[in-house]
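Structural overview
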Amino acid sequence: MSLHFPTKIVDTDILVVGGGMAGCGAVFEAKYWCRSKCKVTLVEKANTEKSGAVGMGLSACNLGVFTTDPDDPKPEDFVQYVRNDLLGMVREDLVYDIARHMTSTIKLFDEWGLPIWRDPKTGKYLRTGRWQHPIHGESYKAIIAEPCRKSADEVYERVYVTHPLLDESRPNRIAGVVGFNVRDGTFYVFRAKAVIVAAGGTSLLYRPRSVGEGLGRAWYPTWASGSAYAIPLLAGAETVTMEFRLVVVRFKDAYGPVGFPYLLLKMRSTDVKGKQWEPLPDEAKAELSKIFYDFAWAKPTPTPIRTWVTIQNLKEGRGPDLMQTQERLPDEESLKVLFEDYLDMTPTQAFYWASQNIHPQKTPSELMPTEPYVQASHASPGGMWASGPSDIAPKEYIWGPNRMLTVEGLFGAGDVVGASGHKFSSGSFTEGRIAGKSAARYVLTQAKDYKPTISNDTIERYKEIVYRPLEWYHKNKPLTTTPEMPPQYTNWFEIHPNYLNWYQLLVRLQKTMDEYAAGWGMFYTTNMYLLNRGWELLKMLEEDFRFAAAASLHELLRVWEVYHRLLVGQAVVFSMMNRKESRGYYLNADYPYIDEENWHVFTHVRRDPKTGQWSFRTSPVIHIIPP
Amino acid sequence: MPTFVYASLCKGCGKCVDICPADNMQYNPKNRKGYNADPISCAECMNCVKYCPEHAVDVRPYSDFAPLGARVGVIRDTKKNIIYWRIVFRDGTVYDFASPIRTTPWGSAKGALDIPERSDLDSELLALEDKPEYLGFPELPRPKQTVRIVGSILKAKQKTGGG
């Protein structure tokens, strides 16, 4: 195999990494303000039409419109809801900022052709619960990709971004990124005045519950490889509250979401003895308030507490919780609504019912807490630390343009920006728009005369690093008698003294995270001993990336995805080691309670891009919306 | 193996290879057909199934929890903008579903440059938000009342007696 791939250098003003919901929002808005004055480039690892977490489809805009209409929620209401749901760990300026721009996003979606359900009498968008609009969302992503592609000056697809490039003449300044094309192997160097990272969160970091053929199956798409955090971390940007992670309760095995049955169909769930746990009864809240204080009384019950209840029921032999679907499906029409909801977004849920002869109108369905994920757009406050909007953020939260991370010129949106959960798809798009305008303003004013300094030596060095697994494989392959696999296939169980393939690296990462950093195999429990030991094992795994081998460009993609996941795992474990309390979807048995006195703070970790050393600090949580 | 390709139906157009979000679908130059090269990274999103013009890509749900016998068929019609599903249970029960997927013709969405230019680069308003029907408010909202509570919101709440 020839490893002499060509190098292509792309110069642009604003580079958007990741063409999911946040990336599409960023491209659209950045171009709107740039017009012909600056160039906006999108780089995406798949096909923008069906990439990102929404590539599977979705059945609701989980964040809807906020208007003056008394029936519609106000941004303040939303901040209070998110604050409770994330047990206080929230950047209220960021959450408020998204809510106040939601109406225009939903209106754009509507104009572009997204089928949003309407109330036939009033003509207004229907709501399920307080915040969501149900949609027919099979083509949600394809519809959003269309204006994004029309807006971008250039779109590079099937290019996986592996590393950021820092400016060589200015400290802590982003200058671009490098990556490679997974189809033809071209090495890409993007040089930009501003980089907006809008990549995806992290699935498959922890051992999934599926085994055998379904091995990689997860609730959050398998292709979400944590680049949202890995790229900024490699550039030296700070994270926030990565230990919180995300564990959600889903239909067992199929991972079908439960919001729709609860909110639209008003279903309830019980344990196997028939005791109701959702909606959570008052006596249970009283009991839970001993652990979770007033958060147990919040309406709706915070997601970490609801998840905790399901875990506890399993632990104590009352589980699994059962969604009592049969109570709320009186006719064909309601059954149709339920099935269509999943076919639009998680077809596996329909397969699951069909294959096991589970008729939801007759039989309840089992619920199960998933393995942990790391992502900033759902019910968790993990992510990167970002500067806030200048008109409402406390001064401590402003060090640069809105949504700029702690590296000059590096912006974030969607799954990237932490401490502002509950943005989901529509909120991520909105945050992309906010970051897009902010980056355009930055490029047209502050960074107008900036020119990236990147030497040819650096480019050559990164090229060597990126393709090393491919070279390593072909160099070492003839040492053993194991036959080569057909093109693109991974020999999952090849035993080789000199190398590890992506699958072997991934499984080791998952085992370490599961057993040492509170995965489902340990009932989401850890302690300081386990965390310190896990940290050592992750260090060794990082060292073993020297032996990473890739037989094809597809495997090369997988190797770098696993590397990105490893960095996320390190950030999670390092944050967990330093937070001396339990808050989030896990229990640190050495510090088993919420400690409002000392730990109502954000945790930040940073990896020094020069030395690779990790450091930790905390910062106070500043609330701006009255309690 | 979540999705697979029927050899007799595949014409090698590469649509499945083009659309797969996980880079699982690959093209075999020897027999000039697509195949799922990385089934354990498959999320069963079914985009390859939906985009295949020959209906050559099919799905057999994960064997770790799905007994054989159930079938799922899908046709994504981008002319009528309807997606049709057929679900066949292991016990033979059949359900047919149809949902709209888009309300406007494909290609009709406006890009950023199709929207008139504005000059308020310094404001916090985004595209089209100079119009109240887009913003939802007469002007961009800012919190009506702000506080500065550093640390525990629960403690602050207890002090004020608010809720």
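Note that this is a predicted model, so its numbers are computed, not measured.

Below, the discussion takes up the overall build of chain A. When you go through chain A residue by residue, the secondary structure sums to 17 helices and 25 strands. Here the C-alpha atoms of chain A give a radius of gyration of 23 Å, agreeing with the 25 Å that 2.2 N^0.38 yields for 627 residues. Counting only C-alpha atoms, chain A reaches 65 × 60 × 50 Å along its principal axes. Out of the 627 residues in chain A, the part that is buried amounts to 70%. Of all intrachain contacts in chain A linking residues separated by at least 6 positions in sequence, the fraction that spans at least 24 positions is 74%. When the accessible surface of chain A is summed, it comes to about 19,200 Å², and 53% of that surface belongs to carbon and sulfur atoms.

Right, let's get into the packing of aromatic side chains. A complete count under the given rule lists 50 aromatic pairs over all chains for this structure. Measuring from centroid to centroid gives 5.0 Å for Phe109 of chain A and Phe429 of chain A, while their planes differ by 70°, and the two rings are edge-to-face. Here Phe429 of chain A lies in helix α12 (residues 424-444) and Phe109 of chain A lies in helix α4 (residues 102-112), a separation of 320 residues in the sequence. For the pair formed by Phe109 of chain A and Phe429 of chain A, the shared burial category is buried. Seen in terms of ring centroids, Phe339 of chain A and Phe97 of chain B are 5.3 Å apart; in terms of plane orientation they differ by 15°. Their pairing is stacked. Placement of the pair is Phe339 of chain A in helix α10 (residues 332-345) and Phe97 of chain B in strand β7 (residues 94-100), with the two residues belonging to separate chains. Here Lys437 of chain A stacks its cationic end above the ring of Trp33 of chain A, 3.8 Å away from the centre of that ring.

Residue and element names in this part refer to chain A. Partitioning chain A into structural domains gives domain 1 (249-369) and domain 2 (464-619). Measuring from the centre of the C-alpha atoms in domain 1 to the corresponding centre in domain 2 gives 32 Å. Here domain 1 is connected to domain 2 by 0 salt bridges. At the boundary of domain 1 with domain 2, the tally comes to 2 residue pairs in polar contact (both at pLDDT 80 or more). Residue assignment for the side of domain 1 that touches domain 2 shows that the elements contributing at least two residues are α8 (282-292) and α9 (303-315). The element best represented in the side of domain 1 that touches domain 2 is α9, accounting for 6 residues. Among the residues making up the side of domain 1 that touches domain 2, the classes are represented as 8 nonpolar, 2 polar and 1 charged.

Contacts between chain B and chain A engage 101 residues on the former and 113 residues on the latter. Of the roughly 9,600 Å² buried at the junction of chain B and chain A (both faces included), carbon and sulfur atoms supply 59%. Interface area lost by chain B to chain A is led by Ile40, Phe65 and Leu121 of chain B, which between them contribute 8%. Inspection of the region where chain B meets chain A yields 11 salt bridges.

All right, on to the sheet that holds strand β1 (residues 7-11) of chain A then. All names here are of chain A. Ordered by their spatial adjacency, 4 strands build an open sheet running β1-β9-β8-β7, and the pairing between neighbours is mixed. The sheet is open, and its two borders are formed by β1 and β7 (159-166), each paired with just one other strand. Taken pair by pair, the neighbouring strands of this sheet meet at an average axis angle of 20°, ignoring direction. Both β7 and strand β8 (residues 174-181) contribute to a ladder of 7 bridges, which runs antiparallel. Counted as the bridge partner of Leu165 is Gly176 from β8. Here helix α6 (residues 227-235) sits on the sheet in contact with β7 and β8, set at roughly 25° to β7. Strand contacts of helix α13 (residues 456-476): β1, β7, β8 and β9 (187-191), with the helix running at about 140° to β7, the strand carrying the most contacts.

What follows covers the domain arrangement of chain B. When its domains are assigned, chain B resolves into domain 1 (1-103) and domain 2 (114-163). For domain 1 of chain B and domain 2 of chain B, the distance between their C-alpha centres works out to 44 Å.

Another aspect to go through is the environment of Val82 of chain A. Mapped onto the elements, Val82 of chain A comes out in helix α2 (residues 75-85). The sequence separation of Val82 of chain A and Thr270 of chain A amounts to 188 residues, and the corresponding C-alpha distance is 25 Å.

Attention shifts here to the sheet that holds strand β12 (residues 249-251) of chain A. All names here are of chain A. One open sheet holds the 5 strands; their spatial order is β12-β16-β15-β13-β14, and the pairing between them is antiparallel. Edge strands, defined here as strands with exactly one partner in the open sheet, are β12 and β14 (276-278). Strand direction decides the pairing type here: strand β15 (residues 322-323) and strand β16 (residues 365-369), joined by 2 bridges, are antiparallel. Considered in β16, the bridge of Leu322 is made with Glu366. Across the face of the sheet, α9 comes into contact with β12, β14 and β16 while running at roughly 105° to β16.

The next point concerns the nonpolar core. Residue and element names in this part refer to chain A. Core analysis: the largest hydrophobic core is formed by 214 residues, its most contacted members being Ile14, Phe109, Tyr140 and Phe180. Considering each element in turn, this core owes the most residues, 16 residues, to helix α16 (residues 553-578). Here Phe109 is in contact with Met21, Cys61, Leu114, Tyr140, Ile144, Ser426 and Phe429, once residues within four sequence places are set aside.

A few words now on a negative patch on the surface. A contiguous patch of negative charge, built from Glu168, Asp457, Glu460, Glu464 and Glu471 of chain A, is present on the exposed surface. If you trace the backbone, Glu168 of chain A turns up in the loop between β7 and β8.

Another aspect to go through is the UniProt feature "domain: FAD-dependent oxidoreductase 2 FAD-binding" (unreviewed entry) in chain A. Under the present numbering, the feature "domain: FAD-dependent oxidoreductase 2 FAD-binding" (unreviewed entry) in UniProt falls on residues 13-244 of chain A. Between the end C-alpha atoms of residues 13-244 of chain A there is a gap of 35 Å, over a span that is 28% helix and 19% strand.

This next bit is on the state of the cysteines. According to the stated counting rule, one finds 1 disulfide over all chains in the structure shown. Disulfide partner of Cys34 of chain A: Cys38 of chain A, at an S-S distance of 1.9 Å. Taking the sign of the torsion about the S-S bond as the criterion, the disulfide between Cys34 of chain A and Cys38 of chain A, at about -90°, is left-handed. In this structure, Cys34 of chain A and Cys38 of chain A share a single accessibility class: buried. With no disulfide of its own, Cys16 of chain B lies closest to Cys10 of chain B among cysteine sulfurs, the gap being 6.3 Å. Taking the relative accessible area as the measure of exposure, Cys16 of chain B reaches 9% and is therefore buried.

This part covers helix α11 (residues 347-355) of chain A. Most of α11 of chain A is tucked away, with 9 of its 9 residues classed as buried. By the burial criterion, the buried members of α11 of chain A are Pro347, Thr348, Gln349, Ala350, Phe351, Tyr352, Trp353, Ala354 and Ser355 of chain A. On its buried face, α11 of chain A is in contact with β12, α10 and β16 of chain A together with β4 (57-59), β5 (71-77) and β6 (82-88) of chain B.

Conventions used here
Residues numbered from 1 in each chain as written. Chains lettered and ligands numbered in written order. Predicted model: local features only at pLDDT ≥ 70, side-chain atom pairs only at ≥ 80, totals over all residues. Heavy atoms only, no water. Helix = DSSP H or I, 4+ residues; strand = E, 2+ residues; numbered from the N terminus. Rg over C-alpha atoms; globule rule 2.2 N^0.38 Å. Buried < 20%, exposed > 50% of the residue type's maximum accessible area, 1.4 Å probe, protein only. Contact = heavy atoms within 4.5 Å. Areas by Shrake-Rupley, 256 points an atom, 1.4 Å probe, with all protein chains shown as cover. Phe/Tyr/Trp six-rings, centres within 6.5 Å; stacked < 30°, edge-to-face > 60°. Lys NZ or Arg CZ within 6 Å of the ring centre and 35° of its normal. Domains from an automatic or database assignment. Salt bridge = Lys/Arg side-chain N within 4 Å of Asp/Glu carboxyl O. Polar contact = N/O pair within 3.5 Å; in protein donor to acceptor, adjacent residues only side chain to side chain. Nonpolar A, V, L, I, M, F, W, Y, C, P; charged D, E, K, R; others polar. Buried area = accessible area lost by both parts, 1.4 Å probe. Pairing = 2+ DSSP bridges. Axes fitted to C-alpha atoms, helices over the stretch in contact; angles between N-to-C directions. Core = buried A, V, L, I, M, F, W, Y, C linked by side-chain atoms within 4.5 Å. Patch = residues over 30% accessible without salt bridge, like charges linked within 9 Å, V, L, I, M, F, W, Y side chains within 5 Å. Lys, Arg positive; Asp, Glu negative; His and termini not counted. Charge placed at Lys NZ, Arg CZ, Asp CG, Glu CD. UniProt positions renumbered as here; feature names shortened; annotations may be inferred. Disulfide = S-S within 2.5 Å.

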